Amino acid sequence: MPVAEYMALALGHPEHGYYMKGDPFGTDGDFITAPEIGQVFGELIGLWSAVTWQQMGMPDRTILIECGPGRGTLMNDLLRAAGTVPAFARTIEVHLVETSPALRDRQAGTLSGIGPVWHDTLDTVPDGPSILIANEFIDALPIRQIVRDNEDWAERCVGVAGGALRFVTSPVSDDLGAALPNNALPGDIFEFCPAAAAFIDQIAARFTGHPGAALFVDYGYARRAAGETLQAVRDHGYADPLTDPGEADITAHVDFGSLAAQAASLGCAVFGPISQAAFLRSLGIVERTTALLKNARPEQAQALQSATQRLIDPAAMGDLFKALVVAHAGAAAPAGFETQLAPGHRQDD
Ligand code: SAH
């Protein structure tokens, strides 16, 4: 089966899929994400949302959407910070796009009292002025891998040989290779994420009728190049993506450059990608951390400082993680993106 189908099953099979079974986050789980590292991440995104709502003209109803909300931690921290702008908080209706029943349970616990509405896909989320947040969501969407096979392009697939799963290739069923450089070398791999492209299409359609902004934070790159980024993580370490499917998180780096170009070609305003460090610094992560430190006990102070460090240190998450905003046509630069270069240029490109 093609890599995309394998990835979709390994993560989303109703019984054996990785996300379907339970809660993979935190120090006891397999990996840790920004909102689980520190509350300041979700809080700053809450303030970002409030500013975005003001820029949207302060609508009476804000459809606040989170895709892949994990444990619900980001949304919880976001809403607490949004509460400091009551005029905004009053307008919020929370919609969560989440396929995993186990994680929906977990989100319901974290967000008890909020009354979120869950959806399997963005299709069923009501129309209206909207703010969409997706942290480490697109990296979980299945990718296709197209391999240069001597003179031709081939689809990278997963097959069985000698009782074990192996990568194999088969002919590509469409003309995806036509978009790829013809000076590619045999063995070069290029990745495509059709599900992410479909998601951008849906967002662009949403933002034609109503104002809106979508914030994507993920690890990824600004320009497509040959190389494979499919990876499996288990127990806070790298694992073989073909071993024990359903037992490890499988992700791929996000091709922000292609998503940004696609959104722009659909008429959206696009900001970034910029590094997570640049985004969080310009939202005031350092000042917010300093303020929290004033009232923190020594052990809390240590945790606060190391969380902020981890989020913005280029050697940790600061550089590899990027932030991208897709908004309705003509939208002003959102908070954190004010130093955006003239249209057509992207920072960190
Ligand atoms: N945003 C959270 C969790 C990231 S993990 C955080 O930062 O901590 C990826 C999340 O996306 C999980 O909640 C997973 O169940 C969900 N998910 C993965 N694929 C999905 C899909 N196709 N549709 C909806 N949710 C999906």
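Here, the structure is the one placed above.
Residues numbered from 1 in each chain as written. Predicted model: local features only at pLDDT ≥ 70, side-chain atom pairs only at ≥ 80, totals over all residues. Heavy atoms only, no water.

So, on to the sheet that holds strand β12 (residues 249–251). With antiparallel pairing, 3 strands are arranged side by side in an open sheet as β11-β10-β12. The outermost strands of the open sheet, each flanked by one partner alone, are β11 (237–239) and β12. Direction aside, neighbouring strands of the sheet carry axes that sit 40 degrees apart on average. Pairing of strand β10 (residues 231–234) with β11, which is carried by 3 bridges, proceeds in the antiparallel orientation. When the sheet's bridge partners are listed, Arg-234 is paired in β11 with Gly-237. (Pairing = 2+ DSSP bridges. Helix = DSSP H or I, 4+ residues; strand = E, 2+ residues; numbered from the N terminus. Axes fitted to C-alpha atoms, helices over the stretch in contact; angles between N-to-C directions.)

Let us now look at the site of the ligand. In the vicinity of the ligand there are 17 residues, among which Thr-33, Gly-68, Gly-70, Glu-98 and Asn-135 approach most closely. One of the side-chain N or O atoms of Thr-33 is found 2.5 Å from an oxygen atom in the ligand. Take Gly-70: an N or O atom from its main chain is 3.1 Å from an oxygen atom of the ligand. When isolated, the ligand has an accessible area of 570 Å², and the protein chains bury 91% of it. Grouping the constituent residues of the shell around the ligand by class yields 9 nonpolar, 6 polar and 2 charged. (Near = heavy atom within 4 Å. Polar contact = N/O pair within 3.5 Å; in protein donor to acceptor, adjacent residues only side chain to side chain. Areas by Shrake-Rupley, 256 points an atom, 1.4 Å probe, with all protein chains shown as cover. Nonpolar A, V, L, I, M, F, W, Y, C, P; charged D, E, K, R; others polar.)

In the structure shown here, the tally under the stated rule is 15 salt bridges. The partner of Arg-106 in a salt bridge is Asp-23, and the shortest N-O contact between them spans 2.7 Å. Remark: Asp-23 occurs in the loop between α2 (18–21) and α3 (34–37) and Arg-106 occurs in helix α7 (residues 101–110); sequence separation between them is 83 residues. Overall, Arg-106 belongs to the partly exposed group, its relative accessible area being 38%. Between Arg-144 and Glu-155 there is a salt bridge, with the nearest N and O atoms lying 2.7 Å from each other. (Salt bridge = Lys/Arg side-chain N within 4 Å of Asp/Glu carboxyl O. Buried < 20%, exposed > 50% of the residue type's maximum accessible area, 1.4 Å probe, protein only.)

With that settled, consider the nonpolar core. Trp-48, Leu-215, Phe-279 and Leu-311 are the most contacted members of the largest nonpolar core, which has 46 residues in total. For this core, the element with the highest residue contribution is helix α4 (residues 39–55), accounting for 7 residues. Not counting residues within four places of it along the chain, the set of residues in contact with Trp-48 comprises Ile-131, Ile-133, Ala-213, Leu-215, Phe-279, Leu-283, Val-325, Pro-334, Ala-335 and Phe-337. Counting residues in each nonpolar core, the second largest holds 28 residues, with Leu-132, Phe-137, Ala-263 and Cys-268 among its members. (Core = buried A, V, L, I, M, F, W, Y, C linked by side-chain atoms within 4.5 Å. Contact = heavy atoms within 4.5 Å.)

On to the packing of α4 against helix α5 (residues 73–82). Viewed as axis vectors pointing N to C, α4 and α5 meet at an angle of 50 degrees, and their least axial separation amounts to 7 Å. With respect to α5, the element α4 is oriented oblique. Handedness of the α4/α5 crossing: right-handed. From α4, Gln-39, Phe-41, Gly-42, Glu-43, Ile-45, Gly-46, Leu-47 and Ser-49 reach across to α5, where they touch Leu-74, Asp-77, Leu-78, Arg-80, Ala-81 and Ala-82. Within the contact of α4 with α5, the residues separate by chemical class into 7 nonpolar, 4 polar and 3 charged. (Parallel < 35°, antiparallel > 145°, perpendicular 65-115°, else oblique. Left-handed = near helix turned anticlockwise from the far one by under 90°.)

Glancing now at the pairing of β10. By the bridge criterion, 3 bridges tie β10 to β12 in an arrangement that is antiparallel. In the sheet register, Ala-232 faces β12, and the bridge partner there is Ile-250. Connecting the antiparallel pair β10 and β11 is a turn made up of 2 residues, with Asp-235 showing a positive phi of about 55 degrees.

This next bit is on the sheet that holds strand β6 (residues 152–161). Overall, antiparallel pairing links the 4 strands, which are arranged β7-β6-β5-β8 in an open sheet. Of all strands in the sheet, those bounded by a partner on one side alone are β7 (164–171) and β8 (189–192). The mean angle between the axes of side-by-side strands here comes to 40 degrees, regardless of whether they run parallel or antiparallel. Note: strand β5 (residues 144–149) against β6, 4 bridges, orientation antiparallel. Following the sheet pairing, Val-147 is matched in β6 by Ala-154. Against the sheet, helix α1 (residues 3–12) touches β5, β6 and β7, its axis set at about 45 degrees to β6.

On to the pairing of strand β2 (residues 92–97), then. In terms of residue burial, β2 counts as a mostly covered element, since 5 of its 6 residues are buried. Examined bridge by bridge, strand β1 (residues 62–67) and β2 share 6 bridges and lie parallel to one another. By the bridge assignment, Thr-62 is partnered in β2 with Ile-92. The pairing of β2 with strand β3 (residues 117–119) spans 3 bridges and is classified as parallel.

Another aspect to go through is the packing of aromatic side chains. Tallied over the entire structure, the rule returns 8 aromatic pairs. Ring geometry for Trp-53 and Phe-88: centres 5.4 Å apart, planes at 35 degrees, overall tilted. Placement of the pair is Trp-53 in helix α4 and Phe-88 in helix α6 (residues 86–89), with a sequence separation of 35 residues. In this structure, Trp-53 and Phe-88 share a single accessibility class: buried. The structure contains a cluster of three or more aromatic residues connected by ring pairs, namely Phe-137, Phe-199 and Phe-216. Over the ring of Trp-153 we find Arg-148; its NZ or CZ atom is 4.7 Å from the centre of that ring. A cation sits over an aromatic face here: Arg-224 above Phe-192, 4.0 Å from the ring centre. (Phe/Tyr/Trp six-rings, centres within 6.5 Å; stacked < 30°, edge-to-face > 60°. Lys NZ or Arg CZ within 6 Å of the ring centre and 35° of its normal.)

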